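Here are the chains, one letter per residue:
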Amino acid sequence: MYREHTIGIVVPAYNEEGYVGNVIDTFPDFVDRAYVIDDASTDDTWTEIQEHAAAYNETHTSGAAGFDDVVVPIQHEENRGVGGGIKTGYLAALDEDIDVVTVMGGDGQMDPNVLTKFIDPIVDDVADYTKGNRFMRTEDLDAMPQFRLVGNSVLSLLTKIASGYWKIADPQNGYTAISKEALQQAPIEDMYEYYGYCNDLLVKLNAENLRVADIAHSADSVYDDEDWKSHIEYDEYIPRVSFMLLRNFIWRLNRKYLLTDFNPVALLYYFGAGVSAVSLGGILTSLRNRKESSGSWTLSLFLGIALLLFAMVFDMEANSDKEVLIDDQAVAGDMTTDSVGVDASAESGVSDTATADDD
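Please read all numbers here as calculations on a predicted model, not as lab measurements. (Residues numbered from 1 in each chain as written. Predicted model: local features only at pLDDT ≥ 70, side-chain atom pairs only at ≥ 80, totals over all residues. Heavy atoms only, no water.)

Engineer: Would you mind going over the pattern of salt bridges in detail, with residue names and values included?
Structural biologist: Counted according to the given criterion, the structure contains 15 salt bridges. With its nearest N and O atoms 2.7 Å apart, the salt bridge here joins R3 to D124. You can see R3 sitting in the segment before β1 (7–13) and its partner D124 sitting in the loop between α4 (115–123) and β5 (129–133), a full 121 residues away along the chain. Note on D124: relative accessible area 10%, which makes it buried. For R33, the salt bridge is made with E96, and the minimal N-O distance between the two is 2.9 Å. A residue pair is termed long-range when its members are at least 10 positions apart, and R33 in strand β2 (residues 33–38) and E96 in the loop between α3 (82–95) and β4 (100–103) qualify at 63 residues. A relative accessible area of 11% places R33 in the buried class. Owing to a relative accessible area of 26%, E96 belongs among the partly exposed residues under this scheme. (Salt bridge = Lys/Arg side-chain N within 4 Å of Asp/Glu carboxyl O. Helix = DSSP H or I, 4+ residues; strand = E, 2+ residues; numbered from the N terminus. Buried < 20%, exposed > 50% of the residue type's maximum accessible area, 1.4 Å probe, protein only.)

Engineer: Before we move on, can you summarise the UniProt feature "transmembrane region" (unreviewed entry) in the protein chain with the specific residues and values?
Structural biologist: Under the UniProt annotation, the feature "transmembrane region" (unreviewed entry) is placed at residues 267–285 and 297–314. Annotation note: span residues 267–285, helix share 100%, strand share 0%, distance between end C-alpha atoms 27 Å. Secondary structure within residues 297–314 divides into 100% helix and 0% strand; the distance between the first and last C-alpha atoms comes to 26 Å. (UniProt positions renumbered as here; feature names shortened; annotations may be inferred.)

Engineer: Outline the packing of aromatic side chains, supporting the account with residue identities and numerical values.
Structural biologist: Describing an aromatic ring pair means giving the distance of the ring centres and the angle of the ring planes. Inspection of every chain in the model, using the stated rule, returns 7 aromatic pairs. Summarising the aromatic geometry, the rings of F249 and Y269 are spaced 5.0 Å apart at their centres and angled 90 degrees between planes, so their arrangement reads as edge-to-face. Of this pair, F249 sits in helix α8 (residues 234–259) while Y269 sits in helix α9 (residues 265–288); the two residues are 20 residues apart in sequence, bridging distant segments of the chain. With relative accessibility at 13%, the residue F249 sits in the buried group. Note on Y269: relative accessible area 4%, which makes it buried. Taken together, the ring pairs in this structure connect Y192, Y194 and Y195 into an aromatic cluster. Sitting above the plane of the W251 ring, K204 keeps its charged end 5.8 Å from the centroid. Between R240 and the ring centre of Y194, over which it is positioned, the NZ or CZ distance is 3.9 Å. (Phe/Tyr/Trp six-rings, centres within 6.5 Å; stacked < 30°, edge-to-face > 60°. Lys NZ or Arg CZ within 6 Å of the ring centre and 35° of its normal.)

Engineer: Tell me about the nonpolar core, and name the residues and values.
Structural biologist: General note: in soluble globular proteins, nonpolar side chains tend to be found buried as a group. With 35 residues, the main nonpolar core has I9, V11, F27, V36, V71, M104 and I119 as its most contacted residues. Those elements giving two or more residues to this core turn out to be β1, α1 (20–25), β2, α2 (45–59), α4, β7 (212–216) and β8 (323–326). With 5 residues, the top contributor of residues to this core is α4. Once residues lying within four places of it in the same chain are set aside, the contact partners of I119 are Y2, I7, F30, V100 and T102. Counting residues in each nonpolar core, the second largest holds 32 residues, with I86, A92, V101 and A216 among its members. (Core = buried A, V, L, I, M, F, W, Y, C linked by side-chain atoms within 4.5 Å. Contact = heavy atoms within 4.5 Å.)

Put into structure tokens, the structure is as follows:
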């Protein structure tokens with residue numbers, strides 16, 4: 001238990017033999033429940049999870065939470081992806097009424113000693129969901145390979161548009177924590193199970209008007225580690241996740257601005273996209289037919305783009321109070337919602353406006 005809140009950890013693992021056992025061994029003592037999910041691995045990951053879970057449970061208890069064991073091994077019969085593993089852990093934590101749930105990768109590349117800085121904003125009621133951001137300080141970007149930086153920047157921009165969290169960046173960052181209330185409100189059962197689960201979750205959180213905090217977090221040095229590996233195939237990952245974000249963007253507009261409430265943001269987006277598409281088609285047709293008179297189509301294209309820009313501005317304004325940026329110094333356990341604002345940012349390190357680079 002941490003500051004009178006029960007704490008859970010979800011560890012998705014796929015073919016992490018030789019790594020996941022050390023992850024289990026280094027769980028912080030304040031953790032009440034840890035769900036370690038073997039996602040139908042083809043190596044000895046499951047055996048390693050069971051052995052290290054049994055050893056950990058012999059020497060650790062969940063204290064005031066009252067659980068018999070801290071570590072709960074769970075095995076998927078079929079591979080579902082990292083998002084599927086995290087979903088399984090989230091649902092298990094929700095069923096057991098855990099207050100705050102964090103995520104640690106099964107590859108051993110996440111430092112358990114920094115978990116509290118993601119938990120604190122939730123305990124202090126500053127945010128409902130927290131995540132790391134390697135883009136908040138320019139010096140932290142040097143540790144990231146160039147191809148990853150470019151790909152992450154593109155996905156960050158697409159996620160901003162799709163989710164409505166315009167100040168939140170680095171959506172692929174695996175350091176996260178979520179409150180019990182957010183798990184109850186967001187449609188976790190429908191969470192995307194492929195690697196874009198983190199982007200998908202942001203969209204779902206925004207549709208429920210939940211608060212998201214970016215925590216400044218330096219890029220890990222694992223990119224220089226010869227033993228580090230990634231399961232992501234980027235030639236498949238980027239187009240697949242981009243299409244998911246487009247689908248989720250439309251879902252969010254309908255859910256948030258047309259169904260549960262009414263806001264002209266959705267109409268501006270749709271009308272702007274329609275005018276832009278028709279105008280672009282008109283310009284291309286004029287060029288194909290070698291017609292010199294395409295000025296009216298060009299003018300209407302500018303109109304469509306202007307409508308899209310207005311929609312983005314209004315969308316940004318509608319969600320500005322749901323975004324928080326926190327630097328590394330703003331992790332003490334005394335933050336309150338009153339400290340979230342421009343005037344208080346100098347003292348608390350918390351701001352609902354961008355104070356660092358997003359991309």
